[in-house]
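Structural description and commentary
So you can see what is in the structure, the chains are spelled out below.
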Amino acid sequence: MTHLHKAITFFSWGLLAAVLIHLCFKWQSMPEITGVHFDSSGNFDVYASKKYIAYPFIVGIVFMILLHFGDMAAKKVRLGVKMSAKGEGILRELIRILLDMNKLFISFMAGFWVELVIYQHKMIEPVVTAGMLLLFVMFLTVCISVPILKLLYPVIEN
């Protein structure tokens, strides 16, 4: 699974880099004042300097770094759940998969946001909602898996 986690991390950072490169190519053709933020219906509600398009990158980078620290912690920190080593290993992998999906979501959303700003398109709300719903279901799955793993892999005391 370690190769999968590395691949997802690499892909997530690569997606952010690819969108940044695309932005560099489009920068000169963008108007100086442009829509940079969306309201609840997906329309632009803030118009400002195109320099503010850096915001999704900053948010994306900060969250990607935080998720990396979360992944490091998931590998090493004691989880505090009473189950066998095998059960704890499975739980660690589930947590790491959830973190990986968050990395993909963050990089996709930052890239999506920037692309919408570059071309001045309305935000497509169902895309964001579907991604958030998927992450919520995955979070619930990890939460529900804890008592199941405790039953399947109880601590064996000597």
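Further up the page is the structure itself.
It should be emphasised that the depicted structure is a prediction, and the values quoted were computed from it without experimental measurement.

As a further point, take the overall build of the protein. Secondary structure summary: the protein contains four helices and two strands in total. Going from the N terminus to the C terminus, the protein shows its helices and strands as α-β-β-α-α-α. The C-alpha radius of gyration computed for the protein amounts to 20 Å, which surpasses the reference 15 Å derived for 158 residues by more than 25%, pointing to a less compact arrangement than a globule. In terms of its C-alpha atoms, the protein occupies a principal-axis envelope of roughly 70 × 30 × 20 Å.

One pass over the structure, following the stated rule, counts four aromatic pairs. On the basis of an interplanar angle of 75° and a centroid distance of 5.3 Å, the ring pair of Tyr-55 and Trp-113 is categorised as edge-to-face. Taken as a pair, Tyr-55 in helix α2 (residues 54–76) and Trp-113 in helix α3 (residues 85–119) lie far apart in primary sequence, 58 residues in all. Note on Trp-113: relative accessible area 17%, which makes it buried. Considering the side-chain rings of Phe-108 and Phe-112, the 5.6 Å spacing of their centres and the 10° angle between planes classify their relative orientation as stacked. Note that Phe-108 and Phe-112 are positioned in helix α3 at a spacing of four residues, about one turn of the helix. Grouping aromatic residues by their ring pairs yields a cluster made of Phe-38, Phe-44 and Tyr-47.

Bringing the side chain of Glu-88 into the picture now. Tracing the sequence through the fold places Glu-88 in helix α3. Since its relative accessible area comes to 14%, Glu-88 is described here as buried. Dropping the residues within four chain positions of it, Glu-88 is found in contact with Arg-78, Leu-79, Val-81 and Met-83.

If you check the backbone angles, Gln-120 has positive phi at about 55° while not being a glycine. Within the element layout of this structure, Gln-120 appears in the loop between α3 and α4 (125–152). The partly exposed category is assigned to Gln-120, whose relative accessible area is 33%.

The interhelical angle for the contact between α3 and α4, taken along N-to-C directions, is 170°, at an axis separation of 10 Å. Considered as vectors, α3 and α4 are oriented roughly antiparallel to each other. Its residues assigned to classes, the contact of α3 with α4 shows 20 nonpolar, four polar and no charged.

On to the pattern of salt bridges. One pass over the full model with this rule turns up four salt bridges. Between Arg-96 and Asp-71 there is a salt bridge whose closest N-O contact spans 2.6 Å. With Arg-96 in helix α3 and Asp-71 in helix α2, this pair connects stretches of sequence that are 25 residues apart. The exposure classification of Arg-96 matches that of Asp-71, with both residues buried. Of the charged contacts in the structure, one is a salt bridge between Arg-96 and Glu-93, with a shortest N-O distance of 3.7 Å. Pair noted here: Arg-96 and Glu-93 are both in helix α3, with a separation of three residues, about one helical turn. Its relative accessible area of 22% is what places Glu-93 among the partly exposed residues. Through salt bridges with shared partners, a single ionic network connects Asp-71, Glu-93 and Arg-96.

Parameters and conventions
- Residues numbered from 1 in each chain as written.
- Predicted model: local features only at pLDDT ≥ 70, side-chain atom pairs only at ≥ 80, totals over all residues.
- Heavy atoms only, no water.
- Helix = DSSP H or I, 4+ residues; strand = E, 2+ residues; numbered from the N terminus.
- Rg over C-alpha atoms; globule rule 2.2 N^0.38 Å.
- Phe/Tyr/Trp six-rings, centres within 6.5 Å; stacked < 30°, edge-to-face > 60°.
- Buried < 20%, exposed > 50% of the residue type's maximum accessible area, 1.4 Å probe, protein only.
- Contact = heavy atoms within 4.5 Å.
- Axes fitted to C-alpha atoms, helices over the stretch in contact; angles between N-to-C directions.
- Parallel < 35°, antiparallel > 145°, perpendicular 65-115°, else oblique.
- Nonpolar A, V, L, I, M, F, W, Y, C, P; charged D, E, K, R; others polar.
- Salt bridge = Lys/Arg side-chain N within 4 Å of Asp/Glu carboxyl O.

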